[in-house]
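Topology and contacts: notes
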Amino acid sequence: MDAIILQLLNGLDKGSAYALIALGLTLIFGTLGVVNFAHGALFMIGAFCAVTLQKIMGLSFEQVDPTKTDFLGKPLVVKVPYVESWFGADFGAWLINWQVPLSILLAIPVMLIVGFVMERGLIKHFYKRPHADQILVTFGLAIVLQELVKYFFGANPIQTGAPSQFSGSMDFGVLLGFDPMAIMYPYWRLVYFLFAAVVIFGVFAFLQFTTFGMVVRAGMADRETVGLLGINIDRRFTLMFGLAAAVAGVAGVMYTPILAPNYHMGMDFLVLSFVVVVVGGMGSLPGAVAAGFLLGILQSFASMNEIKSLIPGIDQVIIYLVAILILLTRPRGLLGRAGVMEE
Amino acid sequence: MSKSNFTRRGLLKTGAVTGAGLALPTIFTSAASAFTNEPTGSTVKFGFNVPQTGPYAEEGLDELRAQELAVQHINGEGDGGMLSTFSSKALDGTGILGRKVEFVTGDTQTKSDAARAAAKSMIEKDGVVMINGGSSSGVAVAVQELCQSAGIIFMAGLTHSNDTTGKDRKANGFRHFFNAYMSAAALAPVLKNAYGTDRRAYHLTADYTWGWTQQESIQAATEAMGWETVNNVLTPLSAGDFSSYIAPVLNSGADILVLNHYGGDMVNSLTQAVQFGLRDAQANGKNFEIVVPLYSELMAAGAGDNIKGVYGSMNWNWQLTDEGTQAFVKSFGEKYGRPPSNSAHTCYVQTLLYADAVARAGSFNPCAVAEALEGFEFSGMGNGDVLYRAEDHQCFKDVLVMKGAESPTTEYDTLEIVETTPVDQVMYAPDHPMFGGAEASLGECNAGA
């Protein structure tokens, strides 16, 4: 039982990341009708916003420590971070400790700008082109973006730690009445799940309860009629692209303590997120979220040793098997609407 | 009436004679060229095949730094590095057999097919006499086989799978780096001292040649001292999130987790294992421990604080205090502003060893070079006394057992040397079952051409 609960938590955690990426993907597809293969790269750029802030926080001046020596036997040069000398050792250390959550403040404007530039600069020109062209150009863009990141940050994963308060793990089992140490789960993964829930809820609330969101939903349902009412739907859709980019970006920022960022992490998530969107139903926001969590949980259960001993390798293929099954029985996906990608 | 001397028969005769005349020098040259890419001018070319893109690009970059340094030292530039401490004095800093060394580089991308394509291009287009480098056993085995069939010497870079000099050994291939068996043999006594004989181990293993042989070796060595193996779970390469594999470990009855992972996979799996509280946990009344059989400096830097107190092994480390190491660290450190990694060291040493073997053999013929390397005993290269064993072309030398440092002062001393395991403890028979058994054979040396 404890193993099942552990994998359930794992699945919710994985599902959070899938759901956040798939949410943005399906938002872009639903509004702009573009299949955005660069969406994984946006997740990766978000993660590297955290790395960038870490580098900024790490900027330091050199002080010679005559009492120690370096590897060549010369006096050791110690680096003192500027933030610690500017803001005092305590506040500087606090800033460095909380740099991952603080990176969200950097990531939101950066991602909005990246999203805006991407949409206006490149993707806009592909709205009327076939989906295959859109896939090719956005995939190309993703490769360019990841090579740029590699050029500046190198190919090795870069460790980006959670605040020290969240670095350990929580005895989750005790809450449920299990023995101590039966279900240990990292604090940060629980934080990530809660964070994802808040973001998903926020996006839905924004679309559901604001006039802007109402217009966007109306535009998703019937773009032409909304346009005839004198509303500049294109501008709002551009903003939605920015919003989707920001969602992917903050998802990437908060994921960095779980997975040390590297330049190809976006591609690793992209394919899975597409499967999530297809299983959820192209253009359906609740579908994307539901499918994200469903596939995350299924993938975690499939990695259990008991299941792998019955069907070896099932953890690698379970998502695709489920996708095939769902597409055979419900070709529009779990919550897909009629008419999407069927014209 | 004009009469032409051109007849069909005459033309054919003239053509045949001219053709034969033109072909003659080529016949002579091909007979004169006894082996592939025999150097003819005043220079000779090496091929450095390292990952320049992909997940091990940083390691590849460090290998290239060392290879460039080795070429400089062979050509008499710089301070000479390990040439001054190397026991063989066949190299005099004027190149090799009067020829200056040049080099070209290839990008393995840490993919076997890309690595073979890069090596093939360097052999056929650039005319290299030797290929060195790489940081994956999958790549090493593939390139070694290509060099064997092309008639080129392959001086392996970082490759740790038993198979490279085990079941996949080749007459034209040589490995200075240690292997999975040696890691296990060196680690086992240290683990026994640190954690006792009554332990239950759970293995997570990268699902490819290196992971399999590493796991097999460490399982055998730890079981021999009384440990029990609870489970071995194969994980896909570059899985990223290992949480599903790590979550069941704590309740499996195990009290040790062995991570048979390397590079980015190791950084992620170790970090996640620590996040899941394994380092703070108790199991079977003992502290839960993690072991990483193969370490590298770049991985240690990536894993940050999570590596503290975790045992592993290395082929060499810049913190060694022998003369050879000091000379190399000084050369490398002054040129690049950082200490060399153990993959840089093995590539540097391999390049010098090849050059030295050519000088001793008096020929670039790969079979003569191979003969000079086989059974060669040397010292002054940072690992004490070393033997290049003739039977399998594996170097035998001391192995370092490492531990994540508790309080590193710089980014370069995140690992500390716990013990230098003497070569006798890591020795094995050439026909050891883990190395292909009695069937494993080097085959015939191929000089190509």
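Residues numbered from 1 in each chain as written. Chains lettered and ligands numbered in written order. Predicted model: local features only at pLDDT ≥ 70, side-chain atom pairs only at ≥ 80, totals over all residues.

Check the secondary structure of chain B and you find 13 helices and 17 strands. Its C-alpha radius of gyration of 25 Å places chain B within 12% of the 22 Å reference for a compact globule of 449 residues. Expressed as lengths along the three principal axes of its C-alpha atoms, the size of chain B is roughly 115 × 45 × 40 Å. Here the contacts in chain B between residues at least 6 apart in sequence split such that 72% fall between residues at least 24 apart. (Helix = DSSP H or I, 4+ residues; strand = E, 2+ residues; numbered from the N terminus. Rg over C-alpha atoms; globule rule 2.2 N^0.38 Å. Contact = placed C-beta atoms within 7 Å.)

This brings us to the overall build of chain A. Per the secondary structure count, chain A includes 15 helices and four strands. Against the globule reference of 20 Å for 343 residues, chain A gives a C-alpha radius of gyration of 22 Å, in line with a compact fold. Over its C-alpha atoms, taken along the principal directions, chain A stretches across nearly 75 × 50 × 35 Å. In chain A, which comprises 343 residues, the proportion classed as buried is 46%. (Buried ≥ 20, exposed ≤ 12 C-beta atoms within 10 Å, placed from the backbone.)

Contacts between chain B and chain A engage 37 residues on the former and 35 residues on the latter. Within the residue set of the side of chain B that touches chain A, elements represented by two or more residues are α2 (57–74), β7 (228–235), α7 (243–246), α8 (264–275), α9 (297–303) and α10 (323–336) of chain B. A breakdown of the residues in the side of chain B that touches chain A according to their chemical character gives 17 nonpolar, 16 polar and four charged. (Nonpolar A, V, L, I, M, F, W, Y, C, P; charged D, E, K, R; others polar.)

With that out of the way, let us pick up unusual backbone geometry. All names here are of chain B. The phi torsion at L97 lies on the positive side, around 50 degrees, for a residue other than glycine. Tracing the backbone shows L97 in the loop between α2 and β2 (100–107). Look at L97 and you get partly exposed, because 15 C-beta atoms sit within 10 Å. Unlike most non-glycine residues, N284 shows phi in positive territory, near 50 degrees. Tracing the chain through its elements places N284 in the loop between β9 (282–283) and β10 (286–287).

Residues and elements named next belong to chain B. Pairing in this open sheet of seven strands is mixed, and the strands run β7-β6-β8-β11-β12-β16-β17 from one edge to the other. Every other strand in the sheet has two partners, leaving β7 and β17 (415–421) as the edge strands with one partner each. Adjacent strand axes in the sheet meet at a mean angle of 25 degrees, parallel and antiparallel pairs treated alike. The sheet contact formed by strand β16 (residues 399–404) and β17 spans six bridges and is antiparallel. Each residue of the ladder has a partner; that of L400, found in β17, is T420. Each of β8 (256–260), β11 (289–294), β12 (311–314), β16 and β17 is contacted by helix α5 (residues 180–195), which is oriented at about 150 degrees to β12, the strand it contacts most. (Pairing = 2+ DSSP bridges. Axes fitted to C-alpha atoms, helices over the stretch in contact; angles between N-to-C directions.)

The subject of this paragraph is helix α2 (residues 39–58) of chain A. In this model α2 of chain A runs 29 Å from its N-terminal to its C-terminal C-alpha over 20 residues, within 8% of the 28 Å that 1.5 Å per residue would give. Of all 20 residues in α2 of chain A, 16 are buried; the element is thus mostly enclosed. (Expected span 1.5 Å × (residues − 1).)

Residue and element names in this part refer to chain B. The N-to-C vectors of helix α11 (residues 342–361) and helix α12 (residues 366–373) enclose an angle of 105 degrees; their axes lie 8 Å apart at closest approach. The angle between α11 and α12 places the two elements in the roughly perpendicular class. Here L353, Y354, A357, V358, R360 and A361 of α11 come into contact with α12, specifically with A368, V369, E371, A372 and L373. For the contact of α11 with α12, the per-class residue count stands at nine nonpolar, no polar and two charged. (Parallel < 35°, antiparallel > 145°, perpendicular 65-115°, else oblique.)

All names here are of chain A. Here helix α6 (residues 131–153) is 23 residues long and its end C-alpha atoms lie 32 Å apart, about the 33 Å a rise of 1.5 Å per residue gives. Turning to α6, its buried residues number three or more, namely Q134, T138, A142, L145, Q146 and V149. Those residues of α6 that are buried lie in contact with α2 and α12 (265–280). Just downstream of α6, G154 is the residue with a positive phi angle, here 85 degrees.

Before going further, it helps to examine the nonpolar core. Counting 234 residues, the largest nonpolar core has L23 of chain A together with L257 of chain B as the members making the most contacts within it. Split by domain, the residues of this core number at least three in each of domain 1 (43–178 + 318–396) and domain 2 (181–314) of chain B. Other than its neighbours up to four places away in sequence, L23 of chain A contacts I200, V203, V247, L285, A288 and V289 of chain A. (Core = buried A, V, L, I, M, F, W, Y, C linked by C-beta atoms within 7 Å. Domains from an automatic or database assignment.)

Residues and elements named next belong to chain B. Per the domain assignment, the segments making up chain B are domain 1 (43–178 + 318–396) and domain 2 (181–314). A C-alpha centroid distance of 30 Å is found between domain 1 and domain 2. Every contact between the two is made by 15 residues of domain 1 and, on the other side, 16 residues of domain 2. Those elements giving two or more residues to the side of domain 1 that touches domain 2 turn out to be α2, α4 (137–150) and α11. If you tally residues by element for the side of domain 1 that touches domain 2, the top one is α4, at three residues.

Turning our attention to the pairing of β7 of chain B. All names here are of chain B. Note: strand β6 (residues 200–206) against β7, seven bridges, orientation parallel. Its bridge partner lying in β7, L204 is registered against V233. Following the backbone out of β6, through helix α6 (residues 209–224) and into the adjacent parallel β7, one traces a crossover that is right-handed. (Right-handed = clockwise from strand over helix to strand, strands pointing away.)

Right, let's get into the pairing of strand β3 (residues 130–133) of chain B. Residue and element names in this part refer to chain B. Here β3 shows no split at all, with M130 and N132 on one side and I131 and G133 on the other all buried. By the bridge criterion, four bridges tie β3 to strand β4 (residues 153–156) in an arrangement that is parallel. The partner of G133 across the bridge, within β4, is A156. The parallel pair β3 and β4 is bridged by α4, and the resulting crossover is right-handed.

What follows deals with the sheet that holds strand β1 (residues 43–50) of chain B. All names here are of chain B. Pairing is parallel across the open sheet formed by five strands, whose spatial order is β2-β1-β3-β4-β5. Both edges of this open sheet fall to β2 and β5 (173–174), since each of them pairs with a single strand only. Together, β1, β2 and β3 form the strand contacts of helix α3 (residues 112–124), whose direction differs from that of β2 by roughly 150 degrees.

The next point concerns the packing of helix α8 (residues 187–209) of chain A against helix α11 (residues 233–255) of chain A. All names here are of chain A. One can describe the packing of α8 onto α11 by two numbers: an axis separation of 11 Å at closest approach and a directional angle of 170 degrees. Judged by the inter-axis angle, α8 sits roughly antiparallel to α11. Residues Y192, F195, V199 and V203 of α8 lie in contact with α11, whose contacting residues are V247, V250, M254 and Y255. Looking at the contact of α8 with α11 residue by residue, the class counts come to eight nonpolar, no polar and no charged.

Time to look at the environment of S42 of chain B. Residue and element names in this part refer to chain B. Note on placement: S42 falls in the loop between α1 (8–32) and β1. We classify S42 as exposed; it has 9 C-beta atoms within 10 Å. Excluding residues within four positions of it along the chain, S42 makes contact with R99 and K100.

Further remarks concern the environment of G60 of chain B. All names here are of chain B. Structurally, the position occupied by G60 is in helix α2. Between the alpha carbons of G60 and V426 there is a distance of 27 Å; along the sequence they are 366 residues apart. In contact with G60, other than residues within four places in its own chain, are V50, P51, Q52 and S135.

Residues and elements named next belong to chain B. With respect to the helices and strands, the residue H160 is situated in the loop between β4 and β5. Here H160 falls in the buried class, since 28 other C-beta atoms lie within 10 Å of it. Along the chain, H160 and S137 lie 23 residues apart, while their C-alpha atoms are 6.3 Å from each other.

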